[in-house]
Amino acid sequence: MRYQRSSALFDEAYQYIPGGVNSPVRAFKSVGGVPVFMKSAKGAYLTDEDNNTYIDYINSWGPAILGHTHPEVLEELKLQAEKGFSFGAPTELETEIAKFIVENVPNIDQIRMVSSGTEACMSAIRLARGYTGRDKIVKFEGCYHGHSDSFLIKAGSGAATFGNPNSPGVTQGTAKDTLLARYNDFEQVEDLFRHNQGEIAAVIIEPVAGNMGCVLPENNFLQKLRKICDENGALLIFDEVMTGFRLAFGGAQELFNVKADLVTYGKVIGGGLPVGAFAGRNEIMDYLAPKGGVYQAGTLSGNPLAMRAGLKTLQLIKNDPAFFDNINKTTETLDFEIGKILNEKGIAHKINRKGSMMSVFFHINRVSNFDEAQEANHALFNNFFHQMLTNGIYLPPSGYETYFISNAIKDKEIDMTLEAVRKFEYS
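Residues numbered from 1 in each chain as written. Predicted model: local features only at pLDDT ≥ 70, side-chain atom pairs only at ≥ 80, totals over all residues. Heavy atoms only, no water.

### Some thoughts on the sheet that holds strand 4 (residues 110–114)
So, step 1. If you walk across this open sheet you meet the seven strands as 4-12-11-10-9-5-8, and the pairing is mixed. Here the strands that pair on one side only, and so sit at the sheet edges, are strand 4 and strand 8 (178–181). Ignoring which end each strand starts from, the neighbouring axes of this sheet average 20 degrees apart.
So, step 2. Across three bridges, the pairing between strand 10 (residues 235–239) and strand 11 (residues 262–265) is parallel. (Pairing = 2+ DSSP bridges. Helix = DSSP H or I, 4+ residues; strand = E, 2+ residues; numbered from the N terminus. Axes fitted to C-alpha atoms, helices over the stretch in contact; angles between N-to-C directions.)

Structure follows, in structure tokens:
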């Protein structure tokens, strides 16, 4: 494929935008090469500035679960755009989507809309601290909850130690209140609670991790987290920015039958427009301003365009009884057939999958935490990525990211994807 216009656009962007991109993973730094600049998308396909087309397995990092520019969502957006883009005042739409979500998701009574997943997670942590009167949080290595200071923390020297900043600009004072544990390692969580009794406000987790590749909870890990939080008066926060309305309509809470105290959302609930949200029971959400003292605000929160697109997206999913069976079957087929081809080629790999999220790790062993994800053959993944790109398949440009399958991917796209995998030359 030719990437002449993408290369020229990247050179120009580099002069005016830090690193040439507005979000680091877009720079292709992990896989090497020049990022592809897109100009349009429809259904299962992306088209770049050089008029190359690709089957999309990123889908805007999850929101485009129906595929791109779904005609019914697009029509709702056109209708709303004619009425106004943003008011800075309440709208009926905000209540409509809030009511729809609360009535369809277990264990939440109220929801507050924001503009991004980062903002949702940051606000949920602040609310948890305000509600419990405690300062410390527990998060897991490899889980990403946005770029708020509290989350940009790397591990200390042991399970009982404080974390350290892993980005300039994050203070040691902030880092001391974030405790890290290994995903799926409940003993480390127990150690943290034992050494910080009465100080932990919340445990926050991606119930299915998507930011070290797709990594699943094992050995009743989520159930154990629920129990230890209850025993210690801490809140359990599910970051469902990726998993909400994707793994099941009620998200991971429904799928794993584990009740979280607070849940964060994004991606799907905006139908492709910028959005985030956090939700919980009345007793916790009542601590939030203007009713309570925990402050949170946002000029574009509940933006009518995002609310309109999100509500229509959720309604379309809800009204299709076979939606999750179909999208999960597509992902299962990709998992099985890609694995079969890689086995025939003698390439060591593990594929992790849950619902319509999956990752191919070039690893001889299972991948159940960030350490194991790091041990995968990322040089081989980079080779795989570029060969798939050349053959019209757009994968996440990092071995630490998840594929997001859309409902627009049908048998034709599956066959084209598998043909590209067959062409992969392993050396």
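### A short note on the UniProt feature "modified residue: N6-(pyridoxal phosphate)lysine" (unreviewed entry) in the protein chain
So, step 1. UniProt records the feature "modified residue: N6-(pyridoxal phosphate)lysine" (unreviewed entry) at Lys 267, using the numbering of this structure.
So, step 2. Leave out the neighbours within four places in its chain, and Lys 267 touches Trp 61, Gly 62, Pro 63, Val 241, Met 242, Gly 272 and Val 275. (UniProt positions renumbered as here; feature names shortened; annotations may be inferred. Contact = heavy atoms within 4.5 Å.)

### Observations concerning the side chain of Thr 178
So, step 1. Mapping Thr 178 onto the fold places it in strand 8.
So, step 2. Of the polar contacts made by the side chain of Thr 178, one reaches the backbone oxygen of Ser 150; its length is 2.9 Å. (Polar contact = N/O pair within 3.5 Å; in protein donor to acceptor, adjacent residues only side chain to side chain.)

### A few points about the nonpolar core
So, step 1. With 108 residues, the main nonpolar core has Ile 101, Phe 140, Ile 205 and Leu 225 as its most contacted residues.
So, step 2. Considering each element in turn, this core owes the most residues, eight residues, to helix 10 (residues 304–318).
So, step 3. By size, the runner-up hydrophobic cluster in this structure holds 20 residues, among which are Ile 125, Ile 284, Met 285 and Val 294. (Core = buried A, V, L, I, M, F, W, Y, C linked by side-chain atoms within 4.5 Å. Buried < 20%, exposed > 50% of the residue type's maximum accessible area, 1.4 Å probe, protein only.)

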